[in-house]
Amino acid sequence: MFTTPFDYRNAHSVQDVIEWLQEDPDNTKILAGGHSLLPLMKLRLSTVSHLIDIGQIPELQGIVLSDNELRIGAFTRYVQLVRDPSVALAAPLVAEAARVIGDLQVRNRGTIGGSLCHADPAADLPAALLALGAELEIAGPAGKRREDIDSFFLAPFITTLAPGEVLTAIRIPRIAQGARSIYLKRPHLASGYPIIGVAAWVVLRDAQVDSCRIAITGIGSVPFRAFSAEQMLVGQTFTRDVILRAAEQVASDQSFDDDDDGYKANLCRVYVTRALAALGNQG
Amino acid sequence: MSVTMTVNGTTITRSVEPRTLLVHFLRDEAGLTGTHVGCDTSQCGACTVLLNGDAVKSCTVLAVQANGAEVVTIEGLEQEVLHPVQQGFWEKHGLQCGFCTPGAMLTASYLLSTNPHPSETDIRDALDGLLCRCTGYETIVRSVQRAQEIMDERQTEERETKIG
Ligand SMILES: Cc1cc2nc3c(=O)[nH]c(=O)nc-3n(C[C@H](O)[C@H](O)[C@H](O)COP(=O)(O)OP(=O)(O)OC[C@H]3O[C@@H](n4cnc5c(N)ncnc54)[C@H](O)[C@@H]3O)c2cc1C
Ligand code: FES
Ligand code: FES
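Residues numbered from 1 in each chain as written. Chains lettered and ligands numbered in written order. Predicted model: local features only at pLDDT ≥ 70, side-chain atom pairs only at ≥ 80, totals over all residues. Heavy atoms only, no water.

On a plain count of helices and strands, chain A comes out with 11 helices and 14 strands. For chain A, whose C-alpha radius of gyration is 19 Å, the value lies close to the compact-globule estimate of 19 Å for 283 residues. Projecting the C-alpha coordinates of chain A onto the three principal axes gives extents of approximately 60 × 45 × 35 Å. Expressed as a percentage of its 283 residues, the buried residues of chain A come to 54%. Of all intrachain contacts in chain A linking residues separated by at least 6 positions in sequence, the fraction that spans at least 24 positions is 61%. In the structure as shown, chain A presents an accessible area of about 12200 Å², 50% of it carried by carbon and sulfur atoms. (Helix = DSSP H or I, 4+ residues; strand = E, 2+ residues; numbered from the N terminus. Rg over C-alpha atoms; globule rule 2.2 N^0.38 Å. Buried < 20%, exposed > 50% of the residue type's maximum accessible area, 1.4 Å probe, protein only. Contact = heavy atoms within 4.5 Å. Areas by Shrake-Rupley, 256 points an atom, 1.4 Å probe, with all protein chains shown as cover.)

Here it is in structure tokens:
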């Protein structure tokens, strides 16, 4: 299958990308790993006149760990997230989620920035990045801005990224000392995408929850945080009962589309319970 | 657009449309038809090649994205003797119709290059992106296990010849 014809430019700096995007913003797309965009273009679900390849821009690459945060360039491939020692140290949840994306060949091409900007409601990484409180670095014609990931996803395949803007990096605060974390995914048997993916971490002090976060992908129209369950958990002893109540809270807070039979709500309850119970058993 | 890449050690330059997929560049421009198009929708892995050493689905990469890169296809796996993966597939009957085999072999060779002693789980995990329409998965797994032994055997032999 062939895409419709387009012209192709290989950018060498973020400045190139911003300038070129402005020439014809409605018909231009950024090409990162290409593992969402090219399949769509081949099926002609997306027609693009100009592609800007961001694969060779040094500013968009690399993983840097500082005292309090990890900075990941937007054009960092999943395989690098899986292998990088500083990701394993400061944000193991990101490596754990990246490890179960698609298959080995997909992980060799797909990028963290592509996954976020594509905003597939069934993408894996958003759950991990929401749970870790990531912040996004974005560059555009008006300059640079930062955005909390909590407000980034607006609807399926729609983010706050304006035409002409580029995601340049993802900043992740170092996970709290002693935190236990997990990404639990139920893959769709055919597609491999999550039907549900639960990212969670907890810090326990004397069996009590000191702090925690839960984020869920796959099952809602956008990936979401389970704010009220998080609040409910803090200060509680991390018992089976408390976990079940938290899971119930997550499921009842959400109204899932097309869920008359309650399948999604139940799946949500079961997977949050399993994820939290697994955290209880760690350590 | 002019695209230059090194395919199995030979540098080739062609002028192609930007929408040319890597798999078509390899088959139609380089004349290497060992790389198969199975699904053409990024699912089956038959089109897997090594791009700068990494296993990728060449139906989901533009030829222009591989400009300047080193590519290895199934035709480039054999050196003076069969590649351990080829030998392993031969001995353990890792292929039936052979359609998925080029992708299976390149995926297996990538696995062994990054993890020389994979567990059975590692092997099955690595082959997740490969669909074998003949469903010969068990023998493919055994072939990769055999390939790993052959790699070890060849290394031992090499060491012994050097000492001897
Ligand atoms: C067989 C298969 C299985 C898959 N399974 C999974 C799975 O299980 N879980 C999962 O999460 N994903 C899965 N994916 C999707 C995969 O993760 C994609 O790689 C990812 O969604 C997109 O990343 P990319 O780098 O390939 O982006 P591209 O496809 O290149 O781009 C995607 C979109 O984002 C835009 N974009 C990319 N980078 C930027 C940037 N820096 N700034 C602004 N805009 C940008 C592009 O313009 C485009 O609109 C699968 C894909 C395939 C082909
Ligand atoms: S032909 Fe490329 S993945 Fe099937
Ligand atoms: S051997 Fe026939 S498709 Fe795999």
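Before going further, it helps to spend a moment on the site of ligand 1. Around ligand 1 lies a shell of 32 residues, among which A:I30, A:G34, A:Y78, A:T111 and A:D124 are the nearest. More than one chain lines the surroundings of ligand 1; the residues nearby belong to chains A and B. The separation between an oxygen atom of ligand 1 and a polar main-chain atom of A:G102 is 3.0 Å. Look at ligand 1: alone it shows 970 Å² of surface, and the protein chains cover 95% of it. Listed by contribution, the elements that provide at least two residues to the shell around ligand 1 are strand 2 (28-31), helix 7 (112-118) and strand 10 (166-173) of chain A. The element best represented in the shell around ligand 1 is helix 7 of chain A, accounting for five residues. (Near = heavy atom within 4 Å. Polar contact = N/O pair within 3.5 Å; in protein donor to acceptor, adjacent residues only side chain to side chain.)

Moving on, we get to the interface of chain A and chain B. Listed as interface residues are 29 residues of chain A and, on the opposing side, 29 residues of chain B. Both faces combined, the contact of chain A with chain B buries some 2400 Å², and carbon together with sulfur accounts for 56% of it. The tally of links between chain A and chain B comes to two salt bridges. For B:D40, the salt bridge goes to A:K42, with nearest N and O atoms at 2.7 Å. Taken together, chain A and chain B are joined by nine residue pairs in polar contact (both at pLDDT 80 or more). Elements supplying a minimum of two residues to the side of chain A that touches chain B: strand 1 (7-10), helix 2 (37-42), strand 3 (50-53), helix 3 (78-83) and helix 6 (104-107) of chain A. Element by element, the count of residues in the side of chain A that touches chain B is highest for helix 6 of chain A, at four residues. (Buried area = accessible area lost by both parts, 1.4 Å probe. Salt bridge = Lys/Arg side-chain N within 4 Å of Asp/Glu carboxyl O.)

This part covers the environment of A:R83. Along the chain, the position of A:R83 falls in helix 3. Ignoring any residue separated from it by four or fewer positions in sequence, one finds A:R83 in contact with B:Y110 and B:T114.

All names here are of chain B. The domain architecture assigned to chain B consists of domain 1 (2-76) and domain 2 (84-163). Using only C-alpha atoms to locate each centre, domain 1 and domain 2 end up separated by 22 Å. Taken together, the contact between domain 1 and domain 2 spans 18 residues of the former and 14 residues of the latter. In total, domain 1 and domain 2 occlude about 1100 Å² of area from one another, counting both sides; carbon and sulfur atoms represent 67% of this. On inspection of domain 1 and its partner domain 2, the count reaches zero salt bridges. Seen at the junction of domain 1 and domain 2, the total is two residue pairs in polar contact (both at pLDDT 80 or more). Elements that contribute at least two residues to the side of domain 1 that touches domain 2 include exactly strand 3 (48-51) and strand 4 (54-57). Looking at the side of domain 1 that touches domain 2 residue by residue, the classes come out as eight nonpolar, eight polar and two charged. (Domains from an automatic or database assignment. Nonpolar A, V, L, I, M, F, W, Y, C, P; charged D, E, K, R; others polar.)

Residues and elements named next belong to chain A. Parsing chain A into structural domains produces domain 1 (7-53), domain 2 (58-173) and domain 3 (180-281). Using only C-alpha atoms to locate each centre, domain 2 and domain 3 end up separated by 21 Å. Listed as interface residues are 24 residues of domain 2 and, on the opposing side, 22 residues of domain 3. Here D124 makes a salt bridge to K185, at a shortest N to O gap of 2.9 Å. At the boundary of domain 2 with domain 3, the tally comes to 10 residue pairs in polar contact (both at pLDDT 80 or more). Counting only elements with at least two residues in the side of domain 2 that touches domain 3, the list comes to helix 5 (92-99), helix 8 (125-131) and strand 8 (153-155). Take the side of domain 2 that touches domain 3: its biggest share by element is five residues, from helix 8. Among the residues forming the side of domain 2 that touches domain 3, the class breakdown is 18 nonpolar, two polar and four charged.

To continue, consider the side chain of A:D53. As for its position among the elements, A:D53 is in strand 3. Buried charge without a partner: A:D53 forms no salt bridge, and the closest opposite charge is A:R109, 6.7 Å away. Polar contacts involving the side chain of A:D53 include one to the side chain of A:Y8, which spans 2.6 Å. The residues touching A:D53, leaving out its near neighbours within four places in the chain, are A:Y8, A:R9, A:N10, A:A11, A:L31 and B:Q65. (Lys, Arg positive; Asp, Glu negative; His and termini not counted.)

Turning to helix 10 (residues 240-253) of chain A, a few remarks are in order. Residues and elements named next belong to chain A. For helix 10, spanning 14 residues, the distance from its first C-alpha to its last is 20 Å, which sits close to the expected 20 Å at 1.5 Å a residue. If you check which residues of helix 10 are buried, you get V242, I243, A246, A247, V250 and A251. Looking at the buried residues of helix 10, the elements they touch are strand 13 (208-217), strand 14 (224-225), helix 9 (227-233) and helix 11 (263-281). (Expected span 1.5 Å × (residues − 1).)

Residue and element names in this part refer to chain A. By size, the foremost hydrophobic cluster in this structure holds 42 residues, and its most contacted members are L81, V94, L116, L125, L129, I170 and I172. No fewer than three residues from each of domain 2 (58-173) and domain 3 (180-281) sit in this core. Setting aside anything within four residues of it in sequence, one finds L129 in contact with V94, I112, L116, A134, I149, I170 and I172. (Core = buried A, V, L, I, M, F, W, Y, C linked by side-chain atoms within 4.5 Å.)

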